[in-house]
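Residues per chain, in single letters:
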Amino acid sequence: MLNDEKSLNFIEEIIEEDIRNGKHGGRVLTRFPPEPNGYLHIGHAKSIVLNFGLAQKYMGKTNLRFDDTNPVTEETEYVESIKNDIKWLGFQWAEELYTSDYFETLYGYAVKLIKKGLAYVDDSSSEEIAASKGTPTEPGKPTPYRDRSVEENLRLFAEMREGKYPDGAKVLRAKIDLANPNMHLRDPLLYRIKHAHHHRTGNKWCIYPMYDFAHGQSDSIENITHSICTLEFIPHRPLYDWLIEQLEIFPSKQYEFARLNLNYTVMSKRKLLQLVNEKYVDGWDDPRMPTISGLRRRGYTPASIRNFCERIGVAKRENIIDVGLLEFCIREDLNQTAWRRMAVLDPVKLVITNYPAGKTETLIGENNPEVEGGEGERSIPFSNELWIEREDFMENPPKKFFRLAPGLMVRLKHAYIIKCDEAVKDSEGNITEIRCTYLPESKSGEDTSGIKVKGTIHWVSVPHAKTAEVRLYDRLFNVENPAAEENFKLTINPESLQIIEKAYAEPDLLNAVPGKGYQFIRKGYFTLDDQQSTPDHLVFNRTVTLRDTWVKEMNRE
RNA sequence: UGCCCGAUAGUAUAAUGGUAGUACGACAGAUUUUGGUUCUGUUUGUCUAGGUUCGAAUCCUGGUCGGGCAACCA
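Residues numbered from 1 in each chain as written. Chains lettered and ligands numbered in written order. Predicted model: local features only at pLDDT ≥ 70, side-chain atom pairs only at ≥ 80, totals over all residues. Heavy atoms only, no water.

## A closer look at the sheet that holds strand 2 (residues 61-66)
Part 1 of the argument: The strand order across the open sheet built from 3 strands is 1-2-3, with neighbouring strands paired in parallel fashion. Only two strands of the sheet have a single partner each, and these edge strands are strand 1 (29-32) and strand 3 (96-98). In this sheet, adjacent strand axes meet at a mean angle of 35° when their direction is disregarded.
Part 2 of the argument: In the sheet, strand 1 pairs with strand 2 via 4 bridges, with the strands oriented parallel. Residue pairing across strands places T30 opposite T62, the latter belonging to strand 2.
Part 3 of the argument: Sheet strands in contact with helix 3 (residues 76-89) are strand 1, strand 2 and strand 3, and its direction is about 160° off that of strand 2. (Pairing = 2+ DSSP bridges. Helix = DSSP H or I, 4+ residues; strand = E, 2+ residues; numbered from the N terminus. Axes fitted to C-alpha atoms, helices over the stretch in contact; angles between N-to-C directions. Contact = heavy atoms within 4.5 Å.)

Dropping the structure here:
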C-alpha cells in the first residue's frame, strides 16, 4: 500500500479546494439533469457516475432533475426509463425534481428582470431576430422593440402567459449587449410561446422558459453547489452567471467536462431516435444500441459500466474511447461472476466408436472456476454421440492447431481424452461426422492415462442437447466515427446481428435466469434475452466474445 | 477570420517548477482440462518556435492543429 492514492480529476480538485475554503460550509450537492426526450446512453452513464460519485465521495447528495422545458419533445415514457436506468446502475437520488416545478418561480424571475429594465418583449420573427444578432465578427442591431417601457413589457409578458398570442408571435428577451463577442449574450431569448400540452403541467402554461433561463436558476433554486455539464455549454456560462447575479439568487457554479465518445457507435439522442424510428434496430433497448437499456439487454452489468466510467477519466479534452475498453470491463466482471456452461453454436456430429451406444454417463462441472469452491457444480450428461463446433476439426491443420484432425488427440471438457480417427463426408465432400475413440482411463478428475494433450474442446451430448436460439452481436457501424459521415446510416454494419436459430446447449442451461451472465466455454459471455426468451424457446444474447488469440494468430497469416 | 476551450505513447488519463507514470491495446514468454483467466517482461509519448529558470509537460509570448459558439433545442 505505498503511494496508492488515486489522483484527482480536475473537478475533484475544485471541490476539495472549495471544501478547504469552507465554501457553502463544505456542502456538496450535485444534480443529474436529463431531458426526458429519449433513453439514457453510455455517455449519460459517464455523467451519472461523475455526479453521483462526487456526492458519495464528498458526503453530499445528488438530485435527479428532469429538464422539461420543451413540451413538444418530452414524454412520461422517457421519465420512467431514465429513473429505471439510474437505479439499475446502482444510484439513488436525493430528490426527484422537475424544472416544470419551478415554472411559477421562473415566471417571477422574468418579471423581476423586466422591472429592472433587463428584459423586453420582442415581436420580431425568429428570422428577424437571427438576422439582428449579427455574426461572430459583426455586432448585432437592436430590433424596434428593444426600448419598450417596463410597463409595456410587463403587460405584454402577462398577456403572453394568458394566451393572447399565437406561437411565435412574441418572445421575451434579456437586454444585455448586442455587440458582445459571445453570441449567447446578444439579448438571448428567455421565453417563447408554445400552445402545447406538457407531460406534467398539462395545459396550464402556454409560455415556456428556454434552457438558458431555466437551467441555471433551477440549480440555484435547489442550492446546487457544483453544476456539472459538458463542454458545449462553456459559452453559456457567462449568461448563467449573469442571470444569477441580476436575480440575486444562490450562486451555483457551472463546470464543464468533455463528454464521452465511443468509436463504432453514435451517441446523439437524435441519431439514436432515427435508428429506432426507422427500424434499423429493434427499439431503444436493442442489444446493439449504446443505451443503458440496450447494454443491459446485451448482458452488461452495472458494475462493469460504472467501472468503465471510472477508468476513462474526466477531463476537458475531446476524446474518442475505444469500445475495446468497454469490452475489457465487461469481460473483467463476467470472468469473475459468470457460470460456465457448454453450448455448440455451429454443430457437427462426433461419434465415439468405442463407447457403448445407448450408454449415458453423468459428469460433473464446476459452475465458476474463478471462485473458491466453484460456486457449486452441475451435472452434464455424456454419451457416444456429441455435438462439437465445426471449427474444432480440420482435415489438414496448420502446425499449432491444438484441436481435432485425423490422428490428433484432445480432451473433451469435463470428460475424456479422445483420438480422432476419421471424418465421414457426404457426396459433396461436406463433413457429416467425425469418428473418434476415447481413452476410458482418462476421465476428468480420475485420469490415470498419463497422457497430456494440448487442447480441450467443449461439447454437448446429442440425445440430451437442448436447442436454443443464439444471437451474435457485432458493432453496429463499420466506421470508427459514424457521426462524421454525410449519412451515418450508410455505414451500418449489415452483419451486426447474426441469428443462430438452432444451437445446442447442455441441459442445465434450461435453468438459466434472466439478468445473469453465462460463459459458454470457449465462445463468450451470454445472457438470456429478457424480452423474448421463453421456457419453450430459449433465446441467448451474446454479450461479448472471449479474447481470442488463436483467431488473431490465424489472421496474421 | 470575432470570442471561447483544448493539445502528454495507438486510445484514454496522471505528474500542480525537480526521475514522464498508470490503464487498455500491441508484442514476447510462463502457467492452464476454456487458444479464456492469471503471472512476468518488452515496446511506444510531452504539437511547434522562442522566452523565464539552476531546472519547464507544467509559467510567459508567438504560431500550428483540433473542437465549440450566430435553434422560439437541451
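Back to the write-up after that little detour.
## Some words on the pairing of strand 5 (residues 171-174)
Part 1 of the argument: Here strand 5 shows a buried face lined by V171 and R173 and a second buried face lined by L172 and A174.
Part 2 of the argument: With 4 bridges joining them, strand 4 (residues 119-122) and strand 5 adopt antiparallel strand pairing. In the sheet register, D122 faces strand 5, and the bridge partner there is V171. (Buried < 20%, exposed > 50% of the residue type's maximum accessible area, 1.4 Å probe, protein only.)

## Points about the sheet that holds strand 17 (residues 417-425)
Part 1 of the argument: The 7 strands lie next to each other as 19-16-17-18-12-15-20, forming an open sheet whose pairing is mixed. Sheet topology places strand 19 (456-457) and strand 20 (460-461) at the edges, where each strand pairs with a single neighbour.

## So, the protein's contact with RNA strand B
Part 1 of the argument: In the neighbourhood of RNA strand B, 62 residues make up the surrounding shell, with E13, R317, S444, Q519 and R522 lying closest.
Part 2 of the argument: Backbone atoms, meaning sugar and phosphate, form 61% of the atoms of RNA strand B found within 4 Å of the protein.
Part 3 of the argument: With respect to RNA strand B, the backbone of S126 contributes an N or O atom lying 3.4 Å from a base nitrogen.
Part 4 of the argument: In the environment of RNA strand B, a base nitrogen lies 3.3 Å from a nitrogen or oxygen atom belonging to the side chain of H236.
Part 5 of the argument: Across the surface near RNA strand B, the residue classes tally to 23 nonpolar, 19 polar and 20 charged. (Near = heavy atom within 4 Å. Polar contact = N/O pair within 3.5 Å; in protein donor to acceptor, adjacent residues only side chain to side chain. Nonpolar A, V, L, I, M, F, W, Y, C, P; charged D, E, K, R; others polar.)

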